[in-house]
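# A structural walkthrough
Here's the letter readout for the chains.
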Amino acid sequence: MRTDAEIGAFLIRIGEQEEGLAKLDSVICHLDGTIKFNELDASIIALRRKAEICIEKGNYDQAITAAEHMLDLLSDFEKHPDDYHDSSIREPSEASRPNYISFYRGKAYGYLAAAYTNTGNQNKARYYLSLYDNTSSGQSLTGRFMMTPTLEKLGEYDRVLAIYDEVERKLDNDTLNDNFARILKSRARIGEAQGQHAEANGYWRRYISITENLNEELLQGKAHLYAARFHAQEQQREIERQRDAAHRAEASRRVIVSISILIFLFAIYVWRQWRKTKKQNKILAQQITEVSEYKKRYRELMPVQPMEPLTDSPAELSDADLYVYLRDLIEHEQLFLNPLFERQTLIERTGLTKERIGAAFSQGSDHGRLTTLISDLRLDYAVRLMNEQPELSVERICQASGFANADTFTRNFKAKYGLTPTAYRTTLG
């Protein structure tokens, strides 16, 4: 998500403003409300980029909203750090946490000061500027230098000039650079604002001179100044295009690497799930086979005997006794192997009513229904065939076990044993 935020900012800077802002907003909305540091950090970065770009583009209301959102997240993190703990690589230690909060809080105060300055609300601008001054960013020379445009617009000329004096001392004799050119241009504007026109003109001349020197390899003399500036601008645009292309290539590389990692992780997950499922299926198959072997040994020890005639009329038996009688009749004569077998078959065979048969199963057994018993007997028979005649196909076993179609066989088999007949057959092999 941090990468998506940077890509969104990148898209805006190359002219794809709507697409870039939409990407930044999608990151912010996706992460909003998630209380873990990794997501918090990504959200703050996305909000920071949005605030910076909105100020650059003059969208000050959006910049204010983004900066205030940053402050809300940082305040909650400051109050409830344990709720955000996730041991992610970017999470600051307890000792460095105040610096992390101060740094990004300073950034947010700076954005608010700049945005309110440009909207004409000087009271709020000065308020946030005072807050910025008390942060780690506001106390560093780099941070103070970055706020000089805001200070200049607020008329804080003495502060601006003091900062410039400090920067120039640090630059020493290294005055052929953009920062020094920026200082000269600002000093010229301040001089004009204070009515010091002669001094301002001197700064303007020095600014033009340094600007020309910065592009001296493109200049061919004073007469060609404007042509040289045009060529310098063209060269700068080409450099920016190359840089943008490099950034885009880097962004694409990161995306490709991220997708590759995700595919690799997903493949590992699928492989592990496959191994887990295979292991579970093996255990289930062993259990099914053991039960089938147990029933086989039981049949060998207790061979099926011809059913003895009833001493009482079936209708006079209790529900439990009648269930036993009907179950033995169905099982001993293998009536369940007939795909057309149904309650009417028992009615015709025993002369009982459908209500009496229904009561025997619902009140006298744990099967509850005749169809449940029939399904269990057919599935037991199917498992026995798979173990005793492995050469038979699943479709042939389905037909031989009394199931009307393969879908019903597969659905009932999986519901009872936890895996499909094909998976059981594969596991056996």
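Report on the accompanying structure. (Residues numbered from 1 in each chain as written. Predicted model: local features only at pLDDT ≥ 70, side-chain atom pairs only at ≥ 80, totals over all residues. Heavy atoms only, no water.)

## Quick notes on the overall build of the protein chain
Filter applied, for reference: Secondary structure elements are taken from DSSP: a helix is a run of H or I of four residues or more, a strand is a run of E of two residues or more, and numbering for both begins at the N terminus. Here the globule rule is a power law, 2.2 Å times the number of residues to the power 0.38, and the radius of gyration is based on C-alpha atoms. Partly exposed describes any residue whose relative accessible area lies between the buried limit of under 20% and the exposed limit of over 50%, with all areas from a 1.4 Å probe on protein chains only and scaled to the type maximum. Contact definition: two residues touch when any of their heavy atoms are within 4.5 Å. Calculation of accessible area relied on Shrake-Rupley with a 1.4 Å probe; when residues are assessed, cover is drawn exclusively from the protein chains displayed.
When helices and strands are counted, the protein chain shows 21 helices and 0 strands. The globule rule puts the C-alpha radius of gyration for 429 residues at 22 Å, and the 41 Å found for the protein chain is more than 25% above it. Dimensions of the protein chain, computed from C-alpha atoms along their principal axes, come out at roughly 130 × 45 × 35 Å. Scored against the burial criterion, the 429 residues of the protein chain give a buried share of 37%. The contacts in the protein chain between residues at least 6 apart in sequence include a share of 60% that link residues at least 24 apart. For the protein chain, the exposed surface amounts to about 25400 Å²; the carbon and sulfur share of it is 51%.

## A word on the layout of surface pockets
Keep this limit in mind: In this analysis a 1.4 Å probe is tested at points of a 1 Å grid over the protein atoms alone, and where it fits but cannot get out there is a cavity; an open set with protein on both sides within 12 Å along at least five of seven lines is a pocket; lining residues have an atom within 4 Å of a point. Grid points are joined across faces, edges and corners, and a volume is the space filled by probe spheres set on the points.
In this structure, the second largest pocket occupies an estimated 590 Å³ of space. Taken together, 20 residues make up the lining of the second largest pocket; nearest its centre are Gly110, Tyr111, Ala114, Met146 and Met147. Put simply, the parts of the chain that give the lining of the second largest pocket at least two residues each are α3 (37-57), α6 (97-119), α9 (141-146) and α10 (148-153). The leading source of residues in the lining of the second largest pocket is α6, at 7 residues.

## Quick notes on the packing of aromatic side chains
Quick reminder of the rule: Any pair of Phe, Tyr and Trp rings, taking the six-membered ring for Trp, is counted once the centres come within 6.5 Å. Such a pair is stacked with planes under 30 degrees apart, edge-to-face with planes over 60 apart, and tilted for the rest. The criterion for a charge sitting over a ring is simple: Lys NZ or Arg CZ within 6 Å of the ring centre, and within 35 degrees of the ring normal.
Taken as a whole and judged by the stated rule, the model has 17 aromatic pairs. Note on Phe77 and Tyr100: the rings are 6.2 Å apart at their centroids and 85 degrees apart in plane angle, and the pair reads as edge-to-face. You can see Phe77 sitting in helix α4 (residues 60-79) and its partner Tyr100 sitting in helix α6, a full 23 residues away along the chain. Here Phe77 and Tyr100 have matching classes, each one buried. Ring centres of Phe336 and Tyr381 lie 6.1 Å apart, and the angle between their planes is 70 degrees; on these two criteria the pair is classed as edge-to-face. Residue Phe336 is located in the loop between α15 (319-332) and α16 (343-350), and its partner Tyr381 is located in helix α18 (residues 370-388); the two are separated by 45 residues in the primary sequence. Of the two residues, Phe336 and Tyr381, both sit in the buried class. Above the plane of the ring of Phe145 lies Arg182, whose end atom (NZ or CZ) is 4.1 Å from the centre. Directly above the aromatic system of Phe403 lies the positively charged group of Arg378, at a separation of 5.9 Å from the ring centroid.

## A word on α6
Here is the rule we go by: The span expected for a helix works out to 1.5 Å for each residue beyond the first.
For α6, built from 23 residues, the straight-helix expectation of 33 Å at 1.5 Å per residue is met to within 8% by its first-to-last C-alpha distance of 33 Å. Within α6, 17 of the 23 residues are buried, which leaves the element mostly enclosed by the surrounding structure. Looking one or two residues past α6, Gly120 carries a phi angle of roughly 90 degrees, positive in sign.

## With respect to the packing of helix α11 (residues 157-171) against helix α12 (residues 178-193)
Counted only if it meets this: Fitting a line to C-alpha atoms yields each axis, with helices limited to the stretch in contact; the angle taken between N-to-C directions then spans 0 to 180 degrees. Just so you know how the angles are binned, under 35 degrees is roughly parallel, over 145 roughly antiparallel, 65 to 115 roughly perpendicular, and the rest oblique. A crossing counts as left-handed when the near helix is turned anticlockwise from the far one by less than a right angle, and as right-handed when that turn is clockwise. In this classification, Asp, Glu, Lys and Arg are treated as charged, Ala, Val, Leu, Ile, Met, Phe, Trp, Tyr, Cys and Pro as nonpolar, and every other residue, Gly included, as polar.
Close contact between α11 and α12 brings their axes to 11 Å; oriented N to C, the two are set at 150 degrees. What the angle tells us is that α11 and α12 run roughly antiparallel. Classified by chirality, the crossing of α12 by α11 is left-handed. Along its contact with α11, which presents Tyr157, Val160, Leu161, Tyr164, Asp165, Val167, Glu168 and Leu171, the element α12 presents Phe180, Ile183, Ser186, Arg187, Ile190 and Ala193. Grouping the constituent residues of the contact of α11 with α12 by class yields 10 nonpolar, 1 polar and 3 charged.

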